[in-house]
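The lines below spell out each chain.
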Amino acid sequence: MKALVRVVASVPHIVLTALMLIAMIDMLIGVFLRYVVTWLSVRFDLPSVRFFWVEEIGEYALAWLTFIGAALGIRRGTHFAVHLVVDRFPPRLRRAVFIGHYGLLAWFGALVAIFGWQVSELNSQSFSPALVLNLRWLYLSAVVGGVLIVVYSLATLGDVLRGKTPSGVGVE
């Protein structure tokens, strides 16, 4: 059972890595097409190459990368925070701050998921101009990200309630 949980927990990391690679390769292809192929087309009087699809792939990858990455950052405790004040609080007050913090993050994630679903439904009949992909796939990134934010916030909240300090925090 623990092996299955470990595999499921690694899926967002694998997807994030794949999206990062897709975004980087897409940018390199875009630069090559824009500067090299366009120059060759003009120089040798060849037909121009259409590369509008490059921007759409980058847009989709960036949207998914942002929401999944934000959720993973919550669980890892890598989001920007000013610990200077919180670290000086007494342990009970610090714990209360963490409980409120992760409770609000879970609420925010639920809002992102709910409104992301509504936006994806509103755009379910729209298609991207170059790739002709349903825009629902673009906006479902907010739904998946919101759900992951809720899951990771509640998991970290559970850790705090069990007496563990969230990872990424400078206190023991």
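For the structure, see preceding data.
Residues numbered from 1 in each chain as written. Predicted model: local features only at pLDDT ≥ 70, side-chain atom pairs only at ≥ 80, totals over all residues. Heavy atoms only, no water.

### Some thoughts on the environment of valine 144
At step 1: Structurally, the position occupied by valine 144 is in helix H5 (residues 136-161).
At step 2: The class of valine 144 is partly exposed, set by a relative accessible area of 33%.
At step 3: Spatially, the C-alpha atom of valine 144 lies 9.4 Å from that of tryptophan 117, the residues being 27 residues apart in sequence. (Helix = DSSP H or I, 4+ residues; strand = E, 2+ residues; numbered from the N terminus. Buried < 20%, exposed > 50% of the residue type's maximum accessible area, 1.4 Å probe, protein only.)

### Some points on the packing of helix H1 (residues 2-43) against helix H2 (residues 53-76)
Two packed helices can be described by the angle between their axes and the distance between those axes.
At step 1: Direction vectors running N to C along H1 and H2 enclose 150°, while the axes themselves pass 9 Å from each other. What the angle tells us is that H1 and H2 run roughly antiparallel. Both H1 and H2 take part in a crossing whose hand is left-handed.
At step 2: Residues belonging to the contact of H1 with H2 are distributed by class as follows: 17 nonpolar, 4 polar and 4 charged. (Axes fitted to C-alpha atoms, helices over the stretch in contact; angles between N-to-C directions. Parallel < 35°, antiparallel > 145°, perpendicular 65-115°, else oblique. Left-handed = near helix turned anticlockwise from the far one by under 90°. Nonpolar A, V, L, I, M, F, W, Y, C, P; charged D, E, K, R; others polar.)

### Observations concerning unusual backbone geometry
At step 1: The phi torsion at aspartate 45 lies on the positive side, around 55°, for a residue other than glycine.
At step 2: For aspartate 45, the location among the structural elements is in the loop between H1 and H2.
At step 3: Even without a glycine there, the phi angle at valine 132 is positive, about 55°.
At step 4: Its place among the elements puts valine 132 in the loop between helix H4 (91-122) and H5.
At step 5: Using a relative accessible area of 55% as the deciding quantity, one classes valine 132 as exposed.

### Comments concerning a nonpolar patch on the surface
At step 1: On the surface, a cluster of nonpolar side chains totalling about 660 Å² of accessible area is made up of Met20, Leu21, Met24, Ile25, Ile29, Trp53, Leu131 and Leu133.
At step 2: Ranked by the residues each element gives to the nonpolar patch, the list is headed by H1, at 5 residues. (Patch = residues over 30% accessible without salt bridge, like charges linked within 9 Å, V, L, I, M, F, W, Y side chains within 5 Å. Areas by Shrake-Rupley, 256 points an atom, 1.4 Å probe, with all protein chains shown as cover. Salt bridge = Lys/Arg side-chain N within 4 Å of Asp/Glu carboxyl O.)

### Observations concerning H2
At step 1: Given a rise of 1.5 Å per residue, 24 residues ought to cover 34 Å, and the 34 Å separating the end C-alpha atoms of H2 matches this to within 8%.
At step 2: Burial in H2 covers these residues: Val54, Glu56, Tyr60, Ala61, Ala63, Trp64, Leu65, Ile68, Ala71, Leu72, Gly73 and Ile74.
At step 3: Considering only its buried residues, H2 is in contact with H1, H4 and H5.
At step 4: Among the residues trailing H2, glycine 77 stands out with phi positive, at a value near 75°. (Expected span 1.5 Å × (residues − 1). Contact = heavy atoms within 4.5 Å.)

### Looking at the side chain of arginine 94
At step 1: Tracing the backbone through its elements, the reader meets arginine 94 in helix H4.
At step 2: For the buried residue arginine 94, which engages in no salt bridge, the nearest side chain bearing the opposite charge is aspartate 87, 5.1 Å off.
At step 3: A polar atom in the side chain of arginine 94 sits 3.4 Å from the backbone oxygen of valine 86. (Lys, Arg positive; Asp, Glu negative; His and termini not counted. Polar contact = N/O pair within 3.5 Å; in protein donor to acceptor, adjacent residues only side chain to side chain.)

### Quick notes on the packing of H4 against H5
At step 1: With their axes 7 Å apart at the nearest point, H4 and H5 run at an angle of 160° to one another. Looking at the two axes, H4 sits roughly antiparallel to H5. Crossing geometry of H4 relative to H5 is assigned as left-handed.
At step 2: Broken down by class, the residue content of the contact of H4 with H5 amounts to 21 nonpolar, 6 polar and 3 charged.

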